[in-house]
Amino acid sequence: MKRKVYIVKGYSKTPDEQASGRYYVEAYEQFFERNAGGAYTKNEITVLSEVTSSELEKEVKEEEIDFGILVFIGHGANQENNQLFQLNKDEIIRAGQYTLNSPKQIVIIESCRTISKDIYTIDLKDHVPKFKYGGVVRKPLKRETARDVYDCHILRCKDGLMICYACEKGQDAYNYFFSMMLLQISMEWYLETRIHCAILPIDELMGRTLFNTMYFSKEKIDIEQKPDYVRGLNYPFAVSRF
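Residues numbered from 1 in each chain as written. Predicted model: local features only at pLDDT ≥ 70, side-chain atom pairs only at ≥ 80, totals over all residues. Heavy atoms only, no water.

Caption draft 1: Highlighting the sheet that holds strand β8 (residues 160–165). Strand order in the open sheet formed by 6 strands is β2-β1-β3-β7-β8-β10, and the pairing between neighbours is mixed. Looking at which strands have only one partner, the edges of the open sheet turn out to be β2 (45–49) and β10 (228–230). Sheet twist, expressed as the mean angle between neighbouring strand axes with direction ignored, is 15 degrees. Judged from the 3 bridges that link them, β8 and β10 form a sheet pairing that is antiparallel. (Pairing = 2+ DSSP bridges. Helix = DSSP H or I, 4+ residues; strand = E, 2+ residues; numbered from the N terminus. Axes fitted to C-alpha atoms, helices over the stretch in contact; angles between N-to-C directions.)

Caption draft 2: Structural detail: the pairing of β2. Two strands pair when backbone bridges link them, and strand β1 (residues 3–9) and β2 are joined in this way by 5 bridges, in the parallel orientation. In the sheet register, V5 faces β2, and the bridge partner there is I45. The β-α-β motif built from β1, the intervening helix α1 (residues 15–33) and the parallel element β2 has right-handed crossover chirality. (Right-handed = clockwise from strand over helix to strand, strands pointing away.)

Caption draft 3: Structural detail: empty space enclosed by the protein. If you walk through the whole model with that rule in mind, you get 1 cavity of 30 Å³ or more. Put simply, the largest cavity is a space of about 50 Å³. If you trace the largest cavity, you find 11 residues lining it, with Y11, S12, E17, G74 and Y176 closest to the centre. At the level of elements, α1 and β3 (67–74) are the ones that each hand at least two residues to the lining of the largest cavity. (1 Å grid on protein atoms, 1.4 Å probe; cavity = no way out; pocket = protein on both sides within 12 Å on 5 of 7 lines; lining within 4 Å. Points joined across faces, edges and corners; volume = space filled by probe spheres on them.)

Caption draft 4: View of the environment of K125. For K125, the position within the fold is in the loop between β7 (104–111) and α3 (143–156). Along the primary structure K125 and L191 are separated by 66 residues, whereas in three dimensions their C-alpha atoms are 9.7 Å apart. When neighbours within four sequence positions are excluded, K125 is seen to be in contact with R34, M187 and L191. (Contact = heavy atoms within 4.5 Å.)

Structure, rendered in structure tokens:
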């Protein structure tokens, strides 16, 4: 199974934006490298920072893969029903037009137009499970097994493209609430002791992320932010710990 993750960091106007964008780039990297995110190897994850559109096009189209995830992190806007993304100082692109050379893929667009100095962190630690009311203690899946579980699920999925947006058309995305929820929910699911040798598909994850992002943005800044996606597909995003 040949699979890859591409993380594209867009243009940062200020040091604060640079810091917050870099934090979430690293958070996605760490997640996908761990068993929880599919146990990708370092050479299966490519990070591109403020590249040109031609460089991006060449990078994502050059290699033929079986499954891929493309993550955009940075400034964006919606214009005439098109989701725009500021790739570098001089170029704004339609992120949804950039796809991988793969029959099965996920595109995640975390376009934050409004960013404050607050960076909401994600707990990516592999916590020791607690059995308050007893239970069965299992050994965590080996890295090779986690990869096999992930790969086997990919083989069962239909070909297609799923695009995940941080917010609906006409809304702004704030402080990476969407990415924070997407990754934190995945980690909490991964740590569940009752789940054995399973995957969390992206369509189910987006359903959970939608509700939690809406609740969190309303509670923290009293603004509605509702994540959205185009075409629900059950591609794997997280693997269970046990």
